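# Residue-level structural notes
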Amino acid sequence: MSTPVTPVSPDVTPVGPDAAAEHDKHDGHDKHDGRYLGRRRLYLRRFLRNRTAVAGVVIFLLLVLFSALGGLFTPYGYADTDFSALTQAPSAEHWFGTNQGGNDVYAAAVHGLQRSLVIAVTVSLLTVALAAVVGAGAAYVGGRVEKATLALIHFLLVVPSFLVLALVSHRLAGDWRVLILVLTVFGWMSTARVVWSVSTSLRERDYVRAAEYMGVRPLRIVLRHIIPNLGSLLIVNLTLGVVSTVLSETALSFLGFGVQTPDVSLGTMLADGAGTITSAPWLFAFPAGLTVLLTVSMTFVGDGLRDALDPTSTTGAAGARR
């Protein structure tokens, strides 16, 4: 269910095909490494000039630290109950208050953020990797394989994936590992379509033809010479894929089709707090705030990477000249 992302111009500089490496074995490596390092410094300079993107990185890292170390600052676990403090407002003992069952909301928020981060990052990595291999492989092989792959992608794009996700995850008791699987199965198509479109031009590059002439296997050509030159596109899709996955997981859990109790995610916390916004607003406010911070921070990072890696971006170019 990943959100379609506008493709950015890939870095089409050869990343070291065998023919070019053999040709430049005396002095070409130094020149190539210099150009590569120069591009990396340019991209980093562009990204760091974008204050919004840097703020997004800082917020995301703070959220990761909170999910990893936040449990050290409370004696309660996310499943522990305190029957003497049911639906208690935030206090010195329970920083984020408690819910109707006496569970500490702070401990639940730490675990819920951790669970949502694991799901989002894992799904984003798997969908981008799958989309890169399928899209680039179909573009390079061409012929019937390409037509069949595109037909499958177009078919899956029109399937009501949210309904299928809801039904499958509900039948399998909301196991978060199963949720990762189904989100990956229905989340790679849009990115694969974009990867295929860009790869159709990359397969005609001279370094790809040189590798073919030298007898390099097709799989090696796809993995070594085509996919690395889609780096900018894949990186942007990876960061923005985290946002779309968080929203998908939250929506499924909010509707009762995602992560199930006794496990906790941001979506389940939002669902629990939705009915008590007026009587116990802290049950909804804290998970909602974490969800907003997570999605906004990754959106800022994705936009910053797109500006930094896209040579046609006026924002990135302006930052590089400062």
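Structure report, in brief.

Definitions and limits used
- Residues numbered from 1 in each chain as written.
- Predicted model: local features only at pLDDT ≥ 70, side-chain atom pairs only at ≥ 80, totals over all residues.
- Heavy atoms only, no water.
- Helix = DSSP H or I, 4+ residues; strand = E, 2+ residues; numbered from the N terminus.
- Buried < 20%, exposed > 50% of the residue type's maximum accessible area, 1.4 Å probe, protein only.
- Contact = heavy atoms within 4.5 Å.
- Areas by Shrake-Rupley, 256 points an atom, 1.4 Å probe, with all protein chains shown as cover.
- Axes fitted to C-alpha atoms, helices over the stretch in contact; angles between N-to-C directions.
- Parallel < 35°, antiparallel > 145°, perpendicular 65-115°, else oblique.
- Left-handed = near helix turned anticlockwise from the far one by under 90°.
- Nonpolar A, V, L, I, M, F, W, Y, C, P; charged D, E, K, R; others polar.
- Core = buried A, V, L, I, M, F, W, Y, C linked by side-chain atoms within 4.5 Å.

## Re the overall build of the chain
In terms of regular secondary structure, the chain is built from 14 helices and zero strands. Sequence-ordered secondary structure for the chain, helices as α and strands as β, is α-α-α-α-α-α-α-α-α-α-α-α-α-α. Sorting the 322 residues of the chain into buried and exposed places 48% on the buried side. Of the contacts formed within the chain by residues at least 6 apart in sequence, a portion of 75% connects residues at least 24 apart. In the form shown here, the chain has an accessible surface area of approximately 15,900 Å², with 65% of it arising from carbon and sulfur atoms.

## Quick notes on the packing of helix α4 (residues 105-141) against helix α13 (residues 282-309)
For any two helices packed against each other, the geometry comes down to the angle between their axes and how far apart the axes lie. One way to put it is that α4 packs onto α13 with a least axis distance of 11 Å and a crossing angle of 30°. As far as their axial angle goes, α13 and α4 are roughly parallel. α4 and α13 meet at a crossing whose hand is right-handed. Contact residues: α4 offers Val 105, Ala 109, Leu 113 and Leu 117, while α13 offers Trp 282, Leu 283, Leu 290 and Leu 294. Tallied by class, the residues present in the contact of α4 with α13 amount to eight nonpolar, no polar and no charged.

## What about the nonpolar core?
Residues Val 105, Leu 113, Met 269, Leu 290, Leu 294 and Met 298 are the most contacted members of the largest nonpolar core, which totals 23 residues. Among the elements of the structure, α3 (51-69), α4, α11 (231-254), α12 (266-274) and α13 are those that each provide at least two residues to this core. Ranked by residues supplied to this core, first place goes to α4 with eight residues. Other than its neighbours up to four places away in sequence, Leu 290 contacts Leu 63, Phe 66, Ala 109, Leu 113 and Leu 266. Judged by nonpolar contacts, the second largest core, of 19 residues, contains Ala 136, Val 195, Ala 211 and Ile 226.

## Observations regarding the environment of Leu 240
With respect to the element layout, Leu 240 can be found in helix α11. Here Leu 240 falls in the buried class, since its relative accessible area comes to 15%. For the pair formed by Leu 240 and Thr 299, sequence separation is 59 residues and the distance between their alpha carbons is 6.1 Å.

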